[in-house]
Structure formats: structure tokens, C-alpha cells
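Structure at a glance
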2 protein chains.
Amino acid sequence: MIDTLVNRIKELNAPICVGLDPVPDFVPGFIKEKAFGSHGLTKKAVAEAFFEFNKGIIDAVYDIVPSVKPQIAMYEEFGIEGLDAYIRTCEYAKEKGLVVIGDVKRGDIGSTSRAYANAHIGKALIKSGERVEEVSAFDADFATVNPYMGSDGIKEFLRCCKEYDKGIFVLVKTSNPSSGEFQDVLVDGTPVYELVADKVNEWGSELIGESGYSRVGAVVGATYPEIGKKLRLIMPKTLFLVPGYGAQGATGKDLKEYFNDDGLGAVINSSRGIIAAYKKEEYAGFSEEGFADAARQATVDMIKDLQDNCIGR
Amino acid sequence: MIDTLVNRIKELNAPICVGLDPVPDFVPGFIKEKAFGSHGLTKKAVAEAFFEFNKGIIDAVYDIVPSVKPQIAMYEEFGIEGLDAYIRTCEYAKEKGLVVIGDVKRGDIGSTSRAYANAHIGKALIKSGERVEEVSAFDADFATVNPYMGSDGIKEFLRCCKEYDKGIFVLVKTSNPSSGEFQDVLVDGTPVYELVADKVNEWGSELIGESGYSRVGAVVGATYPEIGKKLRLIMPKTLFLVPGYGAQGATGKDLKEYFNDDGLGAVINSSRGIIAAYKKEEYAGFSEEGFADAARQATVDMIKDLQDNCIGR
């Protein structure tokens, strides 16, 4: 799957991931009111509205971007109904040829870690006597994973990467202001995020694809360019998933060093900046009904920004 | 809720939490076969079997323990259907007067963190014009939280602790063998888990209940007694949620120092050791049909172990 993602990035010359992180405020009124009309002010209605909204965005961008990243928290907030919309969104995106990065940030140990890995990028077995069924739950192509519990929290995900040709992105340096509280502290002069980076190299060393990139990627926030540059050198075979573009303040100019010399090595995520583009002054001409066209235009503009400033054309 | 939990621990003289972490192998054959008979080898069948199993365990222990800790990963592995069993388990446990600790280990930032907090210990708002509905999704009393992203990942959970009288347990030192890879590294002589402990004190400082304990608790693994002892001194007002008893090797003798002098301050979790007790030689006399009675006996034995070795009678 890492090779599929890297190849698609090359074909489209667009190292981009569209963050499908719906919140009710982003969803145009006409979609919400239709859902409320059918289901009342319920979780079911929000879930339906999220799926309709996502479908509009996916239809508008699937031919120009390689991947989408649904953020499961947004769906989880609306319970079972919300998570059903998450699953349908993943399925629909895959049908459209998109690589799906499930932003789930799971992390646990032992049998619990196995359950999370099976849930998000693997399969569970159901057995009765001689009969065995393999079932999948959320079935993304990649999942994001939290490293705080160490290798025990990662190894079951590595197994799924191997068995099912999937991938993970391990949180190394996140984009938020307080990320430094534990990630930046120095251990004999070395920040914790570099210790995590070393582990990412180790975990990924036997999972390098034909593209030269590993199935074990890293989350590296766009908001700390100096750190991004340093991590690029430490992890040359690691694909970076980079949050923080747009709404969190970073632009293409900040991100050149997140890429290798071949113009590959990073997937830049934008969520709000694309899916809620119609709410920005810049794209206001599209109006609410044109939310999907606004999203496409914002995507085209983001691709140009990255082509101009980061990867060459 | 922290006061409810501490009071109930005192009343029962049982600082215990039963981990409701079902896996198909733990569920007695007669429960599984009934579910497979109705639903085939499906996620729905596993979910039904999990709920029946949990119900048996809850009915057997609700009058002698203060709390249960369902591990959401085990349910998530079986998708929407599994998570429905998680929700029903939480509801049923609350009906029986148990405090429910949702072991979800979520951690993210900004609006994503808000969504997770709302999902697990808060409520989401659905608005249309003047109309507003408040909905809850998973609605546990406490949730476990991962601190790797720093304060940004915690503050929305703190808001829910205040608004809805809930609590959290922050991962400080986990029970697994590789927990030291990042948690134990030394920053100017101080291990990272102590930096996290300092933050737990800070985050909880304005959320101290009448019991003297804070709504912000800490996960401190039973398998590192020396560290538990040290953390007890650093976090005197913090309730510890302690995994690792039983199946992971710790016994009451290892855990005395996890408690304050008043005999309070820790909730010791046992999962496999209780819910799968009927599979152990020690409780084999109960047979599969008596799985719930075996669970009760294992709970009684665990309470005695803790009373004898940790908290006095």
C-alpha cells in the first residue's frame, strides 16, 4: 500500500491528503436541514449529513489527490451512528481509488494492541469448531499510531502491515503548541522525538517497499520546519504525514525541507482549509451550494503552492 | 464522580476494578454457540456473546466491587456491532451502581480532542436554528487519556471533567515491558514519567474533590513497584489506576506502596484474572457454566489479597 500511495503521489504530482474531519459547523445548511428533516436532531442525522458532505468532497477531488484522511474522533463524537458514517466514508473513498489514512491515533499493549490493529488495518477471526470467518471492522489502508507505550504498542500494527499490505504513521512530532512538553525534552542532548524517530527507522527497516519508502511512516507537524528538516535527514526512507498546513498556519514555503531531493517523502494534510474552503473569504464566490467546487479549487491552489515551493513541477 | 468512586472503595473496602476485556476465547462455548446459532459467524454474534458474558460477570460482582473498566479495543475489533456491546455494557454496569472507567486511551489536539472528550465523558451539541439537542455517545464516568501530545490533548477532557462531573486517568507509567523506551528516559536526571506526573498534578490542581482526590488520575502499572512508590509520593492527591495485577504478574505484596497511609489512592485492575478465572486450574471446579461464580470467587480472593497486603482490613 505504501507503493500505491507513493506511485499515486508521483502520477498526480500532488503530495496531498485531504482531511475528512467534518464538524456540524462545516456542513452546509442545506445538507444538515435535509438530514434533520428525515431524522430529527439526532446522531443519525449528523452522521447522514457527514456522509453526504464527505461524498461531495470526495467526488470533487478524487481525480487530483492520492489520499484522504478521515479523523475518526469527529465521527466517534456521534457514537455508533457517527462511526457508521466513518466506515461508509472509508469505503466510498476506496471505491474512488483513494488511499485511506485512518487518523485514529490508537496505542495500547498486548492483546489490546492486537485488537486495535485488527480493527483498523487488519482482520479479526471468528471461530466455531472447524469453521473460521475473517471479518474486518474499519479497514483503512493506513492508521496513525501513538508511540508512548513503546514497541509493545507497535508490533501488532507491524504484523498487520505485513499480513495485509497496510501501513502506519507513528506520531513523532505533532503540530500543536504544547507538543514540546514531552516530545522536545532532551535526553543527553537528544529530544524525545528523535528517539521516537530512531524507533520508527527500526520498526520500518524490514518493511521497505519497492518505492524505497517504508510501510512505517511518521507524523511530523508542519508548524516546526526546523524540526521537520532534521527529521527528514534522520528518517530518509520514511514517508511523513504532515498536519498543520493552512488553518494551523504553515504554507508551502515552510515545507520544502520535509521532502527528499526526489520531490517525494511527504504527504501534506489539509482539513479545514479544503473541506470548509467555501466559508473563507477567498472562496466565498462559490457559496454554500458550491462547497465541493470550493474544496476542489482550494485543493488545486494547495497543489500549486506545493509544486511551486516544495517539489518542483 | 471521583468522590463517588472513592466513597464506594471505602464502603466496600475493595480498591478494585474489574476489567471487562472480552475476547472470543474467554467467552464460554455455550454463550458463543447460542449467538452463532442466531447470527452466524458474524460481528453481531460476537458482540451479543460479549454482552451476555459481561452481564454474567457484572451480575456476579456488582455488590462487591466499586468499578469496572471495559477496554474499548476489544469491542472496536468487531466494528459498529462490537461498539454497540461496549455501550450496552457501560449502561448495564451503571444501572447496577458501578463506576465505569472507559479504557479508551484517546489523545489528540484541538477540535479533535474536543470530539474525543465529548464522545467519551461529555456531550455533543446538535443545533438547528433555535433548537439545540445534547447527545451523548459512549458516556463513561472516567476515560483513560494518552499524554504524548501535551496539555493540548488534555484540556478538553478537563473541561468535560468540570462540566459533567467526570474524571480521567492519564497514562504516566504503563505496565508493559517496553514502557521504558520513552517513559523512562532521563531528562536532566528526571524520567519522562515524572514530568508527566508533574503535569498530572498541575492539570488536576483545580479539580480536587471532597474526598481529597483529584478528578485527574494516573495510570501507573503494577509491574514496576519501585516506580509506583516514587510516583505515590509525587502525586499524593492522585488516584492511581493500576493495571498489571494477576495475569501480568503483580500481586498484593507488590502494591502496598501504591496506596497512601489512609489505605486509599489506588484502584487495582484485574481483567483476565477475573473474567477468565474459570479457565484457571485454581477455579476449574466451577466449570464453564459457572464462569460468573468463578469470577466472583477470583474477585473475593483478590480483595482479600489487597486487604491483607496493602490496605489493612
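Everything numeric in this text was worked out from a predicted model, so none of it was measured.

Reading the values: the criteria
Residues numbered from 1 in each chain as written. Chains lettered and ligands numbered in written order. Predicted model: local features only at pLDDT ≥ 70, side-chain atom pairs only at ≥ 80, totals over all residues. Heavy atoms only, no water. Contact = heavy atoms within 4.5 Å. Buried area = accessible area lost by both parts, 1.4 Å probe. Salt bridge = Lys/Arg side-chain N within 4 Å of Asp/Glu carboxyl O. Polar contact = N/O pair within 3.5 Å; in protein donor to acceptor, adjacent residues only side chain to side chain. Helix = DSSP H or I, 4+ residues; strand = E, 2+ residues; numbered from the N terminus. Nonpolar A, V, L, I, M, F, W, Y, C, P; charged D, E, K, R; others polar. Least-squares fit on C-alpha atoms with pLDDT ≥ 70 in both. Axes fitted to C-alpha atoms, helices over the stretch in contact; angles between N-to-C directions. Left-handed = near helix turned anticlockwise from the far one by under 90°. Buried < 20%, exposed > 50% of the residue type's maximum accessible area, 1.4 Å probe, protein only. pLDDT = per-residue confidence, 0-100.

It is worth spelling out the interface of chain A and chain B at this point. Contact residues are listed per partner, giving 72 residues for chain A and 72 residues for chain B. Regarding the contact of chain A and chain B, the summed buried area is about 5800 Å², with carbon and sulfur atoms giving 64% of it. Notably, a salt bridge pairs Glu181 of chain B with Lys199 of chain A, separated by 3.7 Å at the nearest N-O pair. Our count for the chain A to chain B interface comes out at 33 residue pairs in polar contact (both at pLDDT 80 or more). Looking at the side of chain A that touches chain B element by element, the count peaks at seven residues for helix α6 (residues 110–121) of chain A. Among the residues forming the side of chain A that touches chain B, the class breakdown is 36 nonpolar, 20 polar and 16 charged.

Right, let's talk about the relation of the copies chain A and chain B for a bit. Overlaying chain A with chain B gives an RMSD of 0.0 Å, the required rotation being 180° about an axis along which the chain moves by 0.0 Å. Both copies of the chain, as the preceding transformation shows, are related through a two-fold rotation axis. Across chain A, the rotation axis passes nearest the C-alpha of Val187 of chain A, at a separation of 2.5 Å. The overlap is high: 100% of the interface residues of chain A also sit at the interface in chain B, so the same surface is used on both sides.

All names here are of chain B. In contact at an axis separation of 8 Å, helix α6 (residues 110–121) and helix α7 (residues 155–164) are set at 35° when each is read in the N-to-C sense. Read as a crossing pair, α6 and α7 show a hand that is right-handed. Residues Gly110, Ser113, Arg114, Tyr116, Ala117, Asn118 and Ile121 of α6 lie in contact with α7, whose contacting residues are Glu156, Phe157, Arg159, Cys160, Cys161 and Tyr164. A class-by-class count of the residues in the contact of α6 with α7 yields seven nonpolar, three polar and three charged.

On to unusual backbone geometry, then. At Asn13 of chain A, a position not held by glycine, the phi torsion is positive, near 50°. Mapped onto the secondary structure, Asn13 of chain A falls in the loop between α1 (2–12) and β1 (16–20). On the basis of relative accessibility, which here comes to 23%, the residue Asn13 of chain A falls in the partly exposed class. Unlike most non-glycine residues, Lys105 of chain B shows phi in positive territory, near 45°. Looking at where Lys105 of chain B falls in the secondary structure, it is placed in strand β3 (residues 99–106).

What follows concerns the confidence of the model for chain A. For chain A, the average pLDDT comes to 96, and 100% of its residues sit at 70 or higher. Under the prediction, the complex receives an ipTM of 0.97, its pTM being 0.97.

What follows covers the side chain of Thr238 of chain A. Residue and element names in this part refer to chain A. Within the element layout of this structure, Thr238 appears in the loop between α10 (225–234) and β11 (240–242). On the basis of relative accessibility, which here comes to 2%, the residue Thr238 falls in the buried class. The residues touching Thr238, leaving out its near neighbours within four places in the chain, are Val200, Asn201, Tyr213, Val216, Gly217, Ala218, Arg232 and Gly265.

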